[in-house]
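Working through the structure, step by step
As a plain string of letters, each chain reads:
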Amino acid sequence: RTAGYWGTPITPWTAERFATVRADTALEVFVVDPSRRFYGGWPDDSTVAWLQREMLEVSPAEWGGAADPRGLRVFVREHPPAVAVAPASAERGLR
């Protein structure tokens, strides 16, 4: 597991970093701290809009079982539904 911050003094959040994050489909979970209390910066408004538009927001009950006292928002990348593959015998048909 790896993680990164939205932005830090050394690596601020930029449009270029946003483009990299958008393109990296290996990134599947995004945590946002609306209170901005925790280290790691805050994504810009266009990034938050992208998360809300393109990702599935997971409620605290779904990822922790109880209301999150920190008020974090968790977004996950939705995957396309799996394609069902017919068994090889079905492909050949019955003779």
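**Regarding the nonpolar core**
By size, the foremost hydrophobic cluster in this structure holds 10 residues: Trp6, Trp13, Phe18, Val21, Phe30, Val32, Trp50, Leu51, Met55 and Phe75. Elements represented by at least two residues in this core include exactly α1 (15-23), β1 (29-32) and α2 (45-54). Not counting chain neighbours up to four residues away, the residues in contact with Trp6 comprise Trp13, Arg17, Phe30, Val31, Val32, Gly40, Gly41, Trp42, Pro43, Thr47 and Leu51.

**Concerning the pairing of strand β3 (residues 73-77)**
Of the pairings in the sheet, the one linking β1 to β3 comprises four bridges and is antiparallel in character. Its bridge partner being in β3, Val31 is matched across the sheet by Val74. As judged from the four bridges shared by strand β2 (residues 55-58) and β3, these two strands associate in the antiparallel manner. Looking at β3, one finds that Val58 is bridged to Val74.

**Focus: the sheet that holds β1**
What holds strands together in a sheet is hydrogen bonding between their backbones, with the strands either parallel or antiparallel. Pairing in this open sheet of three strands is antiparallel, and the strands run β1-β3-β2 from one edge to the other. Since the sheet does not close on itself, it has two edges, and those belong to β1 and β2, each with one partner. Between one strand axis and the next, the sheet turns by 30° as a mean value, whatever way the strands run. Those strands touched by α2 are β1, β2 and β3, and its axis lies near 90° from that of β2.

**Some thoughts on the environment of Val21**
Tracing the sequence through the fold places Val21 in helix α1. Since its relative accessible area comes to 13%, Val21 is described here as buried. For the pair formed by Val21 and Thr47, sequence separation is 26 residues and the distance between their alpha carbons is 9.7 Å.

**Considerations on the pattern of salt bridges**
Where side chains of opposite charge bring their charged atoms close, a pairing between them can arise. Scanning all chains against the criterion turns up two salt bridges. Note that Glu54 and Arg53 form a salt bridge whose closest N and O atoms lie 3.4 Å from each other. The partner of Arg73 in a salt bridge is Glu57, and the shortest N-O contact between them spans 2.8 Å. Taken together, the residues Arg73 in strand β3 and Glu57 in strand β2 connect sequence positions 16 residues apart.

**Concerning the packing of aromatic side chains**
Within this structure, the stated rule accounts for six aromatic pairs. Summarising the aromatic geometry, the rings of Tyr5 and Tyr39 are spaced 5.0 Å apart at their centres and angled 85° between planes, so their arrangement reads as edge-to-face. Here the residue Tyr5 occupies a position in the segment before α1, and Tyr39 occupies one in the loop between β1 and α2, the gap between them amounting to 34 residues. Relative accessible area serves as the criterion here: at 57%, Tyr39 is assigned to the exposed category.

The rules behind the values
Residues numbered from 1 in each chain as written. Predicted model: local features only at pLDDT ≥ 70, side-chain atom pairs only at ≥ 80, totals over all residues. Heavy atoms only, no water. Core = buried A, V, L, I, M, F, W, Y, C linked by side-chain atoms within 4.5 Å. Buried < 20%, exposed > 50% of the residue type's maximum accessible area, 1.4 Å probe, protein only. Helix = DSSP H or I, 4+ residues; strand = E, 2+ residues; numbered from the N terminus. Contact = heavy atoms within 4.5 Å. Pairing = 2+ DSSP bridges. Axes fitted to C-alpha atoms, helices over the stretch in contact; angles between N-to-C directions. Salt bridge = Lys/Arg side-chain N within 4 Å of Asp/Glu carboxyl O. Phe/Tyr/Trp six-rings, centres within 6.5 Å; stacked < 30°, edge-to-face > 60°.

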